[in-house]
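# Notes for the structure review
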Amino acid sequence: MKFNSTDVSLAQELDKADELRRFRDEFVIPDPDLIYLDGNSLGRLPKKTAGILREAVEHGWGYRLIRVWNDGWFNAPSTIGGKIAGLIGARPDEVILGDSTSVNLFKLVAAAMKYKPDRVKIVSDVLNFPSDLYILQGFIDLLGGRHKLELIPSQDGIAVSNEAVEGAVDSRTALVTFSHVAFKSAFMYDARAVTKIAHQVGALVLWDLSHSAGAVPVELNNWEVDLAVGCTYKYLNGGPGAPAFLYVRRDLQEALTPPIWGWFASQAPFEFELNFRPSSEVNRFSVGTPPMLSMLAIEPAVDLLLEAGIERLREKSNNQSEYLIYLAEQWLYPLGFGLGSPRECSRRGSHVSLKHKEGYRINRALIESGPPAVRVIPDFREPDNIRLGIAPIYTTYTEIHRAVSRIRQIVEDNLYMDYSDKRLGVT
């Protein structure tokens, strides 16, 4: 979509023509003057979620007590996981909910490395989320340092080329693991091509979908992906610290051995056998009793995303990110801003990073300015990235226009100089 006007009337026209606009009303938005562009870190609260949790607490826990586990709770990790499978191009029996993204990553890394015992190399990149790299480093340390982690560099700090991946993997590589969408720059890999490159040397592939699921089309089965993990509190709007999901391709499920032999991973948990017999299905990667209240909070938004359709959400996301970049080109680039994301939609996820040497103080001014100023909530990533997250199921064009206009005002009027550059605990 091409744009030729910075007037707010264009944004308003685009909102009126938006075929997904009704979904915004499904979310709690108590302050229309607070522009929320951080759904790539924590998604908004769906209106239905509070009622579902109230029912779970008051009726499920309060009245049904232990009986509630047979009212659907016991199968919820698989049932809700099966719905998430519809957003990531997987079969329902290949996805399960439980634990955190990091714990799920550890489980799948350990299983993959045991499956490839004669190979010692894990390949990732410098753009990957640091906690993913910590898990890889910790795994290598746990096994006495006999494995090697190779990180592919980025020439521009934004992207990694397929050629660089091809140059890094070889016959020693057991596992290739990246974030499908990079957390800082929003660079998006060609996952099909990278998976093929890894498979050509006999390596397994593990994708972190935390910045992908619910925002961009993912086709795990069509891409022949082996393993994947992802969180549910970003674009899936599952709430703070909501359980993560993991994916294991169906033909690999019995071949991979989970590193944690948990109660809910056994073939028959309530037979209480003394010797572990793993389930033959994906729930062999479960561990213990799932956190049901936070798990049930995931389902309402997943249902909304499935109803909206991931292709339509992606089309809107692309149009909105293009609009944001267009406004930045007109208003912000002359003020010292640069684009910290790929310019092409096909190589970019659903957030846009704008770089500025005073990015942190600008970010604080956006969030902390008092009324009557327009308040905007993005987030900041070192060293100079202001991340503007577009959650197409509820973000409007008018919000984007107001946010970029506010950034321009803060810099033109030097309002950011009233704020300290000392980092807060959460940025």
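Residues numbered from 1 in each chain as written. Predicted model: local features only at pLDDT ≥ 70, side-chain atom pairs only at ≥ 80, totals over all residues. Heavy atoms only, no water.

### A few points about the sheet that holds strand β9 (residues 338–339)
The 4 strands are arranged β9-β10-β13-β12 in an open sheet whose pairing can be described as antiparallel. Each of the sheet's edge strands pairs with one partner strand only, and the pair in question is β9 and β12 (379–381). The sheet contact formed by strand β10 (residues 351–355) and strand β13 (residues 385–389) spans 5 bridges and is antiparallel. Counterpart to Leu-354 in the pairing with β13 is Ile-386. (Pairing = 2+ DSSP bridges. Helix = DSSP H or I, 4+ residues; strand = E, 2+ residues; numbered from the N terminus.)

### Focus: the sheet that holds strand β8 (residues 245–248)
Spatial ordering of the open sheet is given by β2-β8-β7-β6-β5-β3-β4, a layout of 7 strands whose pairing is mixed. Only two strands of the sheet have a single neighbouring strand rather than two, namely β2 (95–97) and β4 (148–152). Geometrically, the sheet is characterised by an average inter-axis angle of 20° between neighbouring strands, direction not taken into account. Note that β2 and β8 share 3 bridges and pair antiparallel. Each residue of the ladder has a partner; that of Leu-97, found in β8, is Phe-245. (Axes fitted to C-alpha atoms, helices over the stretch in contact; angles between N-to-C directions.)

### Examining unusual backbone geometry
Across residues other than glycine, the phi torsion is negative in most instances, and most of the peptide bonds are trans. Here the residue pair Pro-371 and Pro-372 is connected by a cis peptide bond, since its omega of 10° sits within 30 degrees of zero. Of the consecutive residues Glu-382 and Pro-383, the connecting peptide bond is found in the cis state with omega at 0°. Inspection of the secondary structure puts Pro-383 in the loop between β12 and β13. Phi is positive for Ala-186, close to 70°, though the residue is something other than glycine. Residue placement: Ala-186 occurs in the loop between β5 (173–179) and α7 (191–200). By relative accessible area, Ala-186 is classed as buried at 0%. The backbone of Asn-414 shows a phi angle near 55°, a positive value even though the residue is not glycine. (Buried < 20%, exposed > 50% of the residue type's maximum accessible area, 1.4 Å probe, protein only.)

### Digging into the pairing of strand β3 (residues 121–125)
A large share of β3 lies buried, amounting to 5 of its 5 residues. Neither face of β3 is left uncovered, since the one carrying Lys-121, Val-123 and Asp-125 and the one carrying Ile-122 and Ser-124 both have all their residues buried. Here 5 bridges tie β3 to β4, and the two strands are oriented parallel to one another. For Asp-125, the partnering residue across the bridge sits in β4 and is Ile-152. Across 3 bridges, β3 lies against β5 in parallel orientation. Bridging across to β5, Val-123 finds its partner in Val-176.

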